[in-house]
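# Survey of secondary and tertiary structure
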Amino acid sequence: MAVQPCHRATDVALRLAVPRDAAGDLHAGVRDKLAGRDGVDVERVDVVALRPRLNDLTVEVDASLRLAPDAEVDDLTEIVGVHEARPR
C-alpha cells in the first residue's frame, strides 16, 4: 500500500489573469486556474483587487492553499496567467 504525501497549508498573495468567459463566477475562475496544477489544493480565495482588461481580468487574491511536499509557492508562477505569487 502506497503512502500519500501530506500537503502543507500555506497562505499566498497572487496576481493572475482570469479569462472573461471563464465558467462560473470570478472565485471559480481563480480556483480552476490554481487547482489545474498538480500538488495544489485550493481551500479559500479572497479577491482583494480587480482590474478589467480587454480579454481577461487581472485579479489580486489572498488564497489559502495546500501544497504537496515537492511544490513551492514560486512554482505557482509556472501556471499560465499567474504573474506573481508570494507567501503571505
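Notes on the structure follow. (Residues numbered from 1 in each chain as written. Predicted model: local features only at pLDDT ≥ 70, side-chain atom pairs only at ≥ 80, totals over all residues. Heavy atoms only, no water.)

## Things to note about the environment of Ala23
We apply this condition: Elements are defined by DSSP. Helices are runs of H or I of four residues or more, strands are runs of E of two residues or more, and each kind is numbered from the N terminus. Between buried and exposed lies partly exposed: a residue is buried under 20% and exposed over 50% of the maximum accessible area for its type, with that area taken using a 1.4 Å probe on protein chains only. Whether two residues are in contact is decided by their heavy atoms: any pair within 4.5 Å suffices.
Along the chain, Ala23 falls in the loop between strand 1 (8–19) and helix 1 (26–35). Among the residues examined, Ala23 registers a relative accessible area of 59% and is labelled exposed. Taking the C-alpha atoms as reference points, Ala23 and Pro69, separated by 46 residues in sequence, lie 30 Å from one another. Apart from the residues lying within four places of it in its own chain, the contact partners of Ala23 are Ala28 and Gly29.

## Some thoughts on the nonpolar core
Counted only if it meets this: Joining through side-chain atoms within 4.5 Å is the link that ties buried Ala, Val, Leu, Ile, Met, Phe, Trp, Tyr and Cys residues into a set, and such a set is a nonpolar core.
Leu14, Val30, Leu34, Leu65 and Leu76 are the most contacted members of the largest nonpolar core, which totals 22 residues. Element by element, the count of residues in this core is highest for strand 3 (residues 56–67), at 6 residues. Contacts of Leu65, omitting those with residues within four sequence positions, involve Arg8, Ala9, Thr10, Val12, Leu34, Val40, Asp41, Val42, Glu43 and Leu76.

## Let's talk about the pairing of strand 2 (residues 40–52)
Convention followed: Only strands joined by at least two bridges in the DSSP assignment are considered to pair.
Note: strand 2 against strand 3, 11 bridges, orientation antiparallel. From the neighbouring strand, Val47 faces strand 3, where its bridge partner is Val61. Linking strand 2 back to strand 3 in an antiparallel pair, the connection comprises 3 residues.

## Details of the environment of Lys33
Note on placement: Lys33 falls in helix 1. Leave out the neighbours within four places in its chain, and Lys33 touches Leu16, Ala17, Ile79, Val80, Gly81 and Val82.

## Here we look at the environment of Arg20
Counted only if it meets this: By the criterion applied in these results, polar contacts are pairs of N or O atoms within 3.5 Å in which, for protein atoms, one can donate a hydrogen and the other can accept it, and in which residues neighboring in sequence qualify only through two side-chain atoms.
In this structure, Arg20 sits in the loop between strand 1 and helix 1. On the basis of relative accessible area, Arg20 is assigned to the partly exposed category, the value being 48%. Beyond its immediate sequence surroundings of up to four residues, Arg20 is in contact with Pro52, Arg53, Leu54, Asn55, Asp56 and Leu57. Of the polar contacts made by the side chain of Arg20, one reaches the backbone oxygen of Arg53; its length is 2.7 Å.

## Overview of the pattern of salt bridges
Under the convention used in this document: The working definition used for a salt bridge is a side-chain nitrogen of Lys or Arg within 4 Å of a carboxyl oxygen of Asp or Glu.
As enumerated under the stated definition, the model contains 9 salt bridges in all. The residue Arg8 makes a salt bridge to Glu72 at a minimum N-O spacing of 3.6 Å. Highlighted residues: Arg8 in strand 1 and Glu72 in the loop between strand 3 and strand 4 (82–87), separated in sequence by 64 residues. In this structure, the salt-bridge partner of Asp46 is Arg44, at a minimum N-O distance of 2.1 Å. A relative accessible area of 34% means that Asp46 is categorised as partly exposed. When salt bridges with common partners are traced through the structure, they connect Asp11, Asp62 and Arg88 into a single cluster.

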